[in-house]
Amino acid sequence: MSRSVPIPPSPGIAAPSAITDVTYRNYDGALKTHTFRWWPIAVATIRASVNRKKLGFWIPVGLSFLIYFFLGIMFYFNQNLRQQMSDTGNFMAAGPANPYALSLYQGMISTHLLVVIAAITVGASVIAADNRANALLVYLSKPLTRVDYLVGKWMGVFLLLAALTLTPALLLFLFFAVAYNSDGFLKENPTLILRVIAASLLPAAVHTSLILGFSAWSKTPRLAGALYAALYFITGILAGMVGSVLLQKDTENNNSKMTAIISRLSIDGVTDGIGMSIYDVTPDQIVSRMQGGGRRRRRNPEAEKPSSFTVQERPNLPIMLLIAGVLIAVPLTAAYRKVRAVEVIRG
Amino acid sequence: MVSTSPQLPQISFQHASRWYGQVIGLNDVSCEVGPGLTALLGPNGAGKSTFIKMVTGQLRPTTGRVLVMGEPPFANARVLGKLGYCPEIDSFYEEMSGREFVTQLATMSGYRGRELKERVDRSIERVGMTDRCDRKLGGYSKGMRQRIKVAQAILHDPSVLVLDEPLNGLDPVGRREIVTLMTTLAAEGCCVLVSSHILYEVEQLTDNILLMQRGRLLARGSVQDIRDEMDGDTQTPRHITLTVDRPRRMAADLLTLPSVTGVRFGIASQTHMEVETNDPRSFFDALPDITIAGDYTVENLQSPDDHLEAMLRILLNRK
Amino acid sequence: MSIAAAVPSSAPNSLETDSPPPIAVVKELTVRYGSRTVLGNLSLTIPAGCTGLLGPNGAGKTTLIKTLMGFLTPASGEALVMGMNVATDALGIRQRIGLMPEQDCHIPGMSAVQFVAYAGELAGMPPEQAIRRAHEVLEYCGLGEARYREVETYSTGMKQRIKLAQALVHGPKLLFLDEPTNGIDPQGRDEMLDLIRDVSHGKGLSVVVSSHLLPDIERTCDSVIVMRGGQVMRQGSLQELSQTTELQYEVELLAFRDGFVQALAPQGGTLVSRQGSKLRLAFPPQMPNAGRALFEAARVSGTQIRGFRLAQRRLEDVFMEAIEQE
């Protein structure tokens, strides 16, 4: 039953009008800033890469999972890998090798190129496109500082790359924990989870900082990506070449400590070098693992001689950390200086 | 000062068309531009930049002809040597000083030695940058960059000068200075073509316009002539506003005129009146008699449709 | 020239009966760039409503706006924007200010809605509110279906509107517009100026427009501040500043005839200046019916009057006088 008499408005309150007022009205709602002002920027950076079907990111992610998956399979089927090598008279053995750590380290070094490709895909345009579009003018006119801007961009790229490096590694760790806990996996390796995290986040941090630095100084994503790739490959090649040369001299002079450092003066060299220390593995253990493990050695002990192609020592950790620190700090400082030069209002 | 024969228009378009794939840049444009100041008007995307590029020899028409000083300007050193162009875009060698930049361009035009220096100094002085030309271009304000652009355009005393939004970024003082410069050059016989969106300045600059829309030339010639022609159009009503002491009485008198098609009164004001007419010429002729006969006190009479902006709007929205 | 329009009644949320408080107060402000003093002991107030900021290049307008937005720290003196101190509360100020920069700017790879919503989030709006408000503001700025397209595809006029939208989305109480009609064609410029006029009157929002195009300022602003060399040369409402001392009329004829001016002479009318068929005439003050005199003169001299009105000092004249004085 409908009313035919309109309800009189209560005194003091105006009757609502039938026609909505659609002229501009000011917004007086909540305007709180996030505890981390940079968070929306990080989210936007991530969304830009995740939404757009960026194959250059998803394929490396997929491959990374695949690689760790295979490592797990290999580990499962190859019981011999879990035996120690020290019982075959290998005078190069530096101590019992931790097979779990070795597998995880193997995963780390197998995903180098994937990280680079992903970094270029999600990171090259992250500031370069903003430079071209003058986006910083928009950012700065809001309650954000230039540091917020950089932190947001960095976190966005970092979280994406960390997804690529950390997640598959954690899954492998989980597999070990589930499958081999009866063998005392967790009890014997209490700190392994922390090592996994540290070793996975390190390359993500280094590559994020580098690509961010190049992106900040370019107006086109392509240039930023090209310069970053150039740095990566050139340092890699140079370090490798110089390393081989030094190795020849090494067998005479036994100056392996310097060689260890110099041959790893590339981006991968630094991250791998630190990774070795984190996982507490030595080069010869890695070599043995890569060469198929104990089975071959038992059949052919004479073949086990110091390889002239690999460095036998772990590089000096403090120096590697220093170089990694430089690789992170220098591009970020450069990016900050570039961002600081942008004037919101030009006279 | 290079002079051309006064009979020959300096810019001549003869059924020139240009398209880029499917997109039409110019559609059968024919017009002639002689010495003096002519304004090139039209909404964004109307074809003004194509027009300008054809005049400055950067593009050739796909069909038809474009002649500047009697010859096609495309890759024509004779013509380009007498043509000055001040583009809209703003890219310089930021590390050079203003003077160095102008000198560089002067060298490219073939000047040397003392003549080079004199010409550079003179053109910098004409744009009012003498005291600031030794600073690096990177530190220039928009207005200063604009002046340097004009300086390089007038360097070689051109007989045809094309300026694309020349007053962009200039403060009111600078605008006056450059406007004076353009008017002086036009008075000296140079053919100055200016493209601008700022209609109130165009109105003050010149009476000669070229109006483009979607690649076609909608109107050309003197604003006066265009207005006369529009006056003769009895289909589009024009609106005229009046402030008078007794609007309704005056309205009764006005409604006796055949040229008046409607009258409206102000809502907020008791003295405001708006008359609609389809023959403004006759209306304005008859207005004084009616006002005097009825002894009305008219304080304000405006025909906003007479202004360039309203005229263009009517022309551009015509079906 | 500006068309006199009735200004709508003041914002419903203003409870005072007298004029609302100024939106910014500057006291003896000194700002330096390195060793160069750009603003020296500057004092001014920016009233509520729409204010035009004028001055030749290098007058310090840019520096003033940057200081008011908290980008520059004053060397001495104080500047308060909506009660907040620029030296201590820069971020808080920027949360309540909207800036429409002069240069083209946008966030790459986003549609207009995404961009404006993102701008709102950056200012601190919750994401749902940001999207809702982005649509509202884009509607107000006249962007219909086009708002779902990417910003890179837009024309200049639309890009300017989006810049305005991103400045409005978080409901600022003060808006800085830097050359808002730059590059827009005449029709778009008209619409943008209407938008500015509308948003600055009766919506609880004050606007400062910095522009070199004086007729634009005349059309949108209620008051102006003229600066030169880091000082305020002239400040006041447009109405005050444009009053003339004598009775002058601007007359537009169809075609000029000398006889027209001569016919006015017996009544005391004189020609002040002429540009083509636009004349400026002076009459003795207190003259009762100047209109009638004009019509009679036209009839006698055979010309047609197309329009006339009481002359006001053009803003350009006010400006020139302000910056040329010692």
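Here's what I pulled together on the structure shown here. In this text, all values refer to a predicted model and were calculated from it rather than measured experimentally. Throughout, a residue's number is its position along its own chain's written sequence, starting from 1. Just so you know, chain letters begin at A and ligand numbers begin at 1, following the order they were written in. Local features in this predicted model are restricted to residues of pLDDT 70 or higher, and side-chain atom pairs are both shown and tallied only at a pLDDT of 80 or more, whereas totals for entire chains, interfaces and linings draw on every residue. Neither water nor hydrogens contribute to the side-chain values; these are computed over all heavy atoms in the structure.

### As for the overall build of chain C
The way it works is that DSSP assigns letters per residue, a run of H or I at least four long becomes a helix, a run of E at least two long becomes a strand, and they are numbered from the N terminus. A tally of helices and strands in chain C yields 11 helices and 14 strands. By its C-alpha atoms, chain C is 70 × 50 × 40 Å across when sized along the principal axes. Any residue under 20% of the maximum accessible area for its type is buried, any over 50% is exposed, and the rest in between are partly exposed; the area is computed with a 1.4 Å probe on protein chains only. Relative to its full complement of 326 residues, chain C shows a buried share of 56%. Only heavy atoms matter for contacts: two residues are in contact if any of them lie within 4.5 Å across the pair. Pairs at least 24 residues apart make up 68% of the contacts formed inside chain C by residues separated by at least 6 positions. Residues scored as positive are Lys and Arg, those scored as negative are Asp and Glu, and His as well as the terminal groups of each chain are ignored. Here the site of a charge means atom NZ of a Lys, CZ of an Arg, CG of an Asp or CD of a Glu. Separation between the mean location of the 31 positive side-chain charges and that of the 35 negative ones in chain C comes to 3 Å.

### What to know about the sheet that holds strand β3 (residues 36-41) of chain B
Residue and element names in this part refer to chain B. Each pair of strands is called paired provided DSSP finds at least two bridges between the two strands. Spatially, 6 strands are ordered β5-β6-β7-β3-β8-β9 in an open sheet, and the strand pairing comes out mixed. In the strand order of this sheet, the two ends are held by β5 (83-86) and β9 (216-222), each with one partner. Across the sheet, the mean angle separating the axes of adjacent strands is 15° when strand polarity is ignored. Note on geometry: axes are C-alpha line fits, over the in-contact stretch for helices, and angles between N-to-C directions span 0 to 180 degrees. Packing against the sheet, helix α1 (residues 48-55) makes contact with β3, β5, β6 (160-164), β7 (191-195) and β8 (208-213), and its axis sits at approximately 140° to β3. Along the sheet, helix α8 (residues 223-231) contacts β8 and β9; its crossing angle with β9, the most-contacted strand, is approximately 110°.

### Brief notes about the side chain of Gln 213 of chain B
Structurally, Gln 213 of chain B can be placed in strand β8. For Gln 213 of chain B, a relative accessible area of 15% translates into the label buried.

### Here we look at the interface of chain C and chain B
With 43 residues of chain C at the interface, the matching set in chain B holds 45 residues. When two parts are put together, the accessible area they lose, computed with a 1.4 Å probe and summed over both, is reported as buried area. For the chain C and chain B pair, buried surface summed over both sides reaches about 3700 Å², with 49% attributable to carbon and sulfur atoms. The salt bridge involving Arg 299 of chain C is made with Asp 289 of chain B; its shortest N-O contact spans 2.5 Å. Side-chain atoms alone can form a polar contact between residues adjacent in sequence; in general such a contact is a pair of N or O atoms within 3.5 Å, and within protein one must be able to donate a hydrogen while the other accepts it. Linking chain C with chain B are 14 residue pairs in polar contact (both at pLDDT 80 or more), by the criterion used here. Where the side of chain C that touches chain B is concerned, the elements lending two or more residues are α6 (186-199), α7 (214-220), β11 (247-253), α10 (290-301), β14 (305-310) and α11 (315-324) of chain C. When residues in the side of chain C that touches chain B are grouped by element, the largest group, 6 residues, is from β14 of chain C. Broken down by class, the residue content of the side of chain C that touches chain B amounts to 16 nonpolar, 12 polar and 15 charged. Salt bridges are identified by distance alone: a Lys or Arg side-chain nitrogen within 4 Å of an Asp or Glu carboxyl oxygen. Basically, the charged four are Asp, Glu, Lys and Arg, the nonpolar ten are Ala, Val, Leu, Ile, Met, Phe, Trp, Tyr, Cys and Pro, and anything else, Gly included, counts as polar.

### What to know about the packing of helix α3 (residues 99-110) of chain A against helix α12 (residues 267-279) of chain A
Packed helices, taken two at a time, are described by the angle their axes make and the gap between the axes. Residues and elements named next belong to chain A. As a packed pair, α3 and α12 sit with axes 10 Å apart at the nearest point and diverge in direction by 165°. The orientation of α3 relative to α12 falls into the category roughly antiparallel. Every pair of crossing elements has a handedness; the one defined by α3 and α12 is right-handed. Listed contacts from α12 to Ala 101, Leu 104, Tyr 105, Met 108 and Ile 109 of α3 are Thr 271, Asp 272, Gly 275, Met 276 and Tyr 279. For the contact of α3 with α12, the per-class residue count stands at 7 nonpolar, 2 polar and 1 charged. Oblique is the label for any angle not covered by the other classes, which are roughly parallel (under 35 degrees), roughly antiparallel (over 145) and roughly perpendicular (65 to 115). Left-handed describes a crossing whose near helix is turned anticlockwise from the far helix through less than a right angle; right-handed describes the clockwise counterpart.

### A few points about the interface of chain C and chain A
The interface is formed by 47 residues belonging to chain C together with 34 residues belonging to chain A. When the two sides are added together, the surface that chain C and chain A hide from each other amounts to roughly 3600 Å², 59% of it contributed by carbon and sulfur. Of all residues in chain C, Leu 91, Gln 103 and Leu 122 of chain C give up the largest surface area on contact with chain A, accounting jointly for 16% of the area buried on that side. There are 1 salt bridge connecting chain C and chain A. Between Glu 343 of chain A and Lys 66 of chain C there is a salt bridge, with the nearest N and O atoms lying 2.8 Å from each other. Seen at the junction of chain C and chain A, the total is 8 residue pairs in polar contact (both at pLDDT 80 or more). Put simply, the parts of the chain that give the side of chain C that touches chain A at least two residues each are α1 (61-68), α2 (90-95), β6 (97-100), α3 (112-122), α4 (127-140) and α5 (156-168) of chain C. Looking at the side of chain C that touches chain A, the element that brings in the most residues is α4 of chain C, giving 6 residues.

### Some points on the pattern of salt bridges
All names here are of chain C. Using the criterion set out here, one finds 40 salt bridges over all chains in the structure. Across the pair Arg 292 and Glu 296 runs a salt bridge, and its minimum N-O distance is 3.1 Å. With Arg 292 and Glu 296 both in helix α10 and 4 residues apart, the pair spans about one turn of that helix. Since its relative accessible area comes to 25%, Glu 296 is described here as partly exposed.

### A closer look at the sheet that holds strand β1 (residues 11-20) of chain B
Residues and elements named next belong to chain B. The strand order across the open sheet formed by 3 strands is β2-β1-β4, and the pairing between neighbours is antiparallel. In this open sheet, the two strands that pair with only one neighbour each are β2 (23-33) and β4 (63-68). Going from strand to strand, the sheet's axes swing by 25° on average, the running direction of each strand aside. As paired elements, β1 and β2 share 7 bridges and run antiparallel to each other. Bridge pairing in β2 links Ala 16 to Val 29. Taken strand by strand, α1 contacts β1, β2 and β4, and its axis lies near 120° from that of β1.

### Details of the pairing of β7 of chain B
Residue and element names in this part refer to chain B. Most of β7 sits out of view: 5 of its 5 residues are buried. A two-sided burial pattern is seen for β7, the buried positions comprising Cys 191, Leu 193 and Ser 195 on one face and Val 192 and Val 194 on the other. Sheet topology note: the β3/β7 ladder contains 5 bridges and is parallel. Counterpart to Leu 37 in the pairing with β7 is Val 192.

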